There are 2 protein chains.
Amino acid sequence: MGIFHCGMPQSDLNLHQNSVNRDTTAKESSEKDLVRTQSPANSQRTLPRELRRLQLIESTIDCIAKRGLTDTRMADVAAGAGLSVGIVNFHFDSKTTLLAETLRYLADEYHQAWIEARNESDEDPAKQLLSLTRMNFEPRICNQRRIAVWYAFFGEARSRPTYSNLCQQLDDDYLDQMRTLFGSLFDDGNERRAHRASLMLMALWDGLWQNILLNPDVFNTDEAVRACEHWLACMLPEHFKQPDNSA
Amino acid sequence: MGIFHCGMPQSDLNLHQNSVNRDTTAKESSEKDLVRTQSPANSQRTLPRELRRLQLIESTIDCIAKRGLTDTRMADVAAGAGLSVGIVNFHFDSKTTLLAETLRYLADEYHQAWIEARNESDEDPAKQLLSLTRMNFEPRICNQRRIAVWYAFFGEARSRPTYSNLCQQLDDDYLDQMRTLFGSLFDDGNERRAHRASLMLMALWDGLWQNILLNPDVFNTDEAVRACEHWLACMLPEHFKQPDNSA
DNA sequence: ATCTTGATTGAATGCTCATTCAGTGGATGA
DNA sequence: TCATCCACTGAATGAGCATTCAATCAAGAT
């Protein structure tokens, strides 16, 4: 768990040597700042193994978001990092493992965010549901680049057990936690009700992600959070207030 | 609009000559029966152009669902229909157009189902919302094969404007219709509320589809419909009843 | 200054696949 | 029966791409 988050020295190196790859929509221009700050590392020819791997994974995300999974070549990933073709095979066994590690990286990142969101709202189930919801739409988690990659993998999930296995266990775990949270908010202790509420809220999260990916004009993350708050207020009026509708 | 539904003679030919391709989960074994019934067409060497195209598109759906978009080859599509390699390029200009036509086929099918669902519930907005919801989870529309294909395209949507353009206009139209339906159910005539409700219900549909694709164990279409009904009852208690919770 | 270790390069290799097209064959009409 | 018209076949072609690896280079250790 957390192989990409394990105290690795994430100094302020600029891992994006090739700026051509960074032309995503302006709104998200500040994500992953840790790998962008100016630094002499720009011209550094070699980098410690783990840092280079991280950079290549980020470049993979860029490529998938910009060109789609089918049009993502090893050479593109390397070029996106300003390096030469052979580099990817040197750090990852094969394209297959590169993609698997990319998915794992995203899953890990999400998992960390989940844990943080739960920890920051101490013991109060209602607060935890709210902060989990907000976490789902934080720019660092929910942005066009990352969502595009998630959906690219979803499309392949059925055919590549590796992909679904990687997320299945986490998903089950999340559902379980949600059930517990909802369970303690429904006073009737109705298991089925808590189960259904959990599925619904998680489905709502997913559906809103999808809309943010496909209809960014109609939709944004603030609107998404408000929709979820609205839903919570409908489901559990004693525990949640309707969000501010002024906007 | 509707190029695949335009009075083309959809006789009871068995378009699936190669049964190897049909091993999806047993539950969905009865979809697209029109192209499976036993008939001498099984051994027919030639078929009218439009019918062959239809068969190849269905084979494309099979391939994408089973192997993923990245691993779908022209030869696989041909083999899935029991035909030889050159056939696909004979009926479609290129792989690109084959995929675009496949997406258009699904979009069309969905669009037809949408219209039917609206027509069958005469003028009553509440009934129409219900039947649209049920339509979304009918086996012919919502099954692992088809959802897998939708998601494969979603993953590529950002990078291929062709794909998103194809659906964008329809989506906007659906959203518009939903706003009107909700608008006439909210007595306060609050536009914003109707807008948000529309987005939420459509997001819920999408999120439930996603769960049906990725977690078929936890999830099924009946559960999905009930979740939506539950949501409708929460949002508009005067117009909808809570679904039967006995199951 | 030299050695050692490991990262990086990029030309070369060989495989996979979309696409082509000359040839085959079945159906329909004369 | 023959001719015409298409649907269809599948070997051949060549472009595109992942992967390899010998050579190069950088940085730290001695």
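Residues numbered from 1 in each chain as written. Chains lettered and ligands numbered in written order. Predicted model: local features only at pLDDT ≥ 70, side-chain atom pairs only at ≥ 80, totals over all residues. Heavy atoms only, no water.

Right, let's talk about the interface of chain A and chain B for a bit. Across the contact, 49 residues belong to chain A and 49 residues belong to chain B. Summed over both sides, the interface between chain A and chain B buries roughly 4600 Å², with carbon and sulfur atoms accounting for 54% of that surface. Our enumeration of links across chain A and chain B arrives at six salt bridges. Across the salt bridge formed by A:E223 and B:R196, the nearest N and O atoms sit 3.3 Å from each other. Our count for the contact surface shared by chain A and chain B stands at 21 residue pairs in polar contact (both at pLDDT 80 or more). Of all the elements in the fold, those that place two or more residues in the side of chain A that touches chain B are α1 (49-67), α6 (144-157), α7 (161-185), α8 (191-214) and α9 (221-235) of chain A. Among the elements that take part in the side of chain A that touches chain B, α8(A) stands out by supplying 14 residues, more than any other. A breakdown of the residues in the side of chain A that touches chain B according to their chemical character gives 23 nonpolar, 14 polar and twelve charged. (Contact = heavy atoms within 4.5 Å. Buried area = accessible area lost by both parts, 1.4 Å probe. Salt bridge = Lys/Arg side-chain N within 4 Å of Asp/Glu carboxyl O. Polar contact = N/O pair within 3.5 Å; in protein donor to acceptor, adjacent residues only side chain to side chain. Helix = DSSP H or I, 4+ residues; strand = E, 2+ residues; numbered from the N terminus. Nonpolar A, V, L, I, M, F, W, Y, C, P; charged D, E, K, R; others polar.)

Within the structure, DNA strand C sits among 19 residues, and A:R52, A:F90, A:H91, B:R73 and B:K95 are positioned closest to it. Taken together, the sugar and phosphate atoms account for 72% of what DNA strand C places within 4 Å of the protein. A distance of 2.3 Å separates a phosphate oxygen of DNA strand C from a polar atom in the side chain of B:R73. Sorting the residues of the surface near DNA strand C by element identifies α1 and α3 (87-91) of chain A as the ones contributing at least two each. Among the elements that make up the surface near DNA strand C, the one with the highest residue count is α3(A) (three residues). (Near = heavy atom within 4 Å.)

With that out of the way, let us pick up the packing of α1(A) against α6(A). Residue and element names in this part refer to chain A. Axis separation between α1 and α6 bottoms out at 8 Å; the angle between their running directions is 80°. In terms of orientation, α1 lies roughly perpendicular with respect to α6. Here E58, I61, D62, I64 and A65 of α1 come into contact with α6, specifically with R145, R146, A148, V149 and A152. Each residue belonging to the contact of α1 with α6 can be placed in one class, and the counts come to six nonpolar, no polar and four charged. (Axes fitted to C-alpha atoms, helices over the stretch in contact; angles between N-to-C directions. Parallel < 35°, antiparallel > 145°, perpendicular 65-115°, else oblique.)

All names here are of chain B. Relative to each other, helix α5 (residues 125-136) and helix α7 (residues 161-185) sit at 140°, their axes nearing to 9 Å. When the axis of α5 is compared with that of α7, the two are oblique. The crossing of α5 and α7 is left-handed. Listed contacts from α7 to P125, A126, Q128, L129 and L132 of α5 are M178, L181, F182, S184 and L185. Partitioning the contact of α5 with α7 into residue classes produces eight nonpolar, two polar and no charged. (Left-handed = near helix turned anticlockwise from the far one by under 90°.)

Below, the discussion takes up the environment of A:T221. Residue and element names in this part refer to chain A. As for its placement among the helices and strands, T221 is situated in helix α9. On the basis of relative accessibility, which here comes to 23%, the residue T221 falls in the partly exposed class. Each C-alpha atom, one on T221 and one on N143, is 8.7 Å from the other, the two residues being 78 residues apart in sequence. In this view, T221 contacts F137, C142 and I212; residues no more than four positions away in its chain are not counted. (Buried < 20%, exposed > 50% of the residue type's maximum accessible area, 1.4 Å probe, protein only.)

Moving on: unusual backbone geometry. Residue and element names in this part refer to chain A. Positive phi is not limited to glycine here, since E123 has a value of about 65°. Tracing the sequence through the fold places E123 in the loop between α4 (95-120) and α5 (125-136). The exposed category is assigned to E123, whose relative accessible area is 72%.

Attention shifts here to the packing of aromatic side chains. One pass over the structure, following the stated rule, counts 23 aromatic pairs over all chains. Ring geometry for A:F182 versus A:W231: centroids 6.1 Å apart, planes at 90°, classification edge-to-face. With A:F182 in helix α7 and A:W231 in helix α9, this pair connects stretches of sequence that are 49 residues apart. Judged by centre distance (6.1 Å) and plane angle (35°), the rings of B:W150 and B:F154 are tilted. With a gap of four residues between them, B:W150 and B:F154 both fall in helix α6 (residues 144-157), about one helical turn apart. For B:W150, a relative accessible area of 10% corresponds to the buried category. (Phe/Tyr/Trp six-rings, centres within 6.5 Å; stacked < 30°, edge-to-face > 60°.)

For A:T60, the location among the structural elements is in helix α1. A sequence separation of 38 residues divides A:T60 from A:L98, and the C-alpha atoms of the two residues are 8.2 Å apart.

This part is about the nonpolar core. Looking at soluble globular proteins, one finds that nonpolar side chains tend to be buried together. Counting 158 residues, the largest nonpolar core has A:F182, A:W231, B:F182 and B:W231 as the members making the most contacts within it. If near-sequence neighbours (up to four positions away) are discounted, B:F182 is found in contact with B:L129, B:A194, B:A197, B:S198, B:L201, B:W231, B:L232 and B:L236. (Core = buried A, V, L, I, M, F, W, Y, C linked by side-chain atoms within 4.5 Å.)

On to the relation of the copies chain A and chain B. Note: a rotation about an axis with an accompanying shift along it relates these two copies of the chain. Between the two copies, chain A and chain B, the superposition gives an RMSD of 0.0 Å; the rotation angle is 180° and the shift along the axis is 0.0 Å. Such a combination of rotation and displacement between the chain copies is what one expects of a two-fold axis. Distance from the rotation axis, computed per C-alpha, reaches its smallest value in chain A at A:G207: 2.0 Å. In this assembly the copies share their binding face: 100% of the residues contributing to the interface of chain A also contribute to that of chain B. (Least-squares fit on C-alpha atoms with pLDDT ≥ 70 in both.)

A few words on the protein's contact with DNA strand D. Residues in close proximity to DNA strand D total 18 residues, the closest being A:R73, A:K95, B:R45, B:R52 and B:H91. Sugar plus phosphate, as a fraction of atoms of DNA strand D within 4 Å of the protein: 76%. Of all elements in the fold, only α1 (49-67) and α3 (87-91) of chain B reach the threshold of two or more residues within the surface near DNA strand D. Looking at which element gives the most residues to the surface near DNA strand D, the answer is α3(B), with three residues. A class-by-class count of the residues in the surface near DNA strand D yields six nonpolar, seven polar and five charged.

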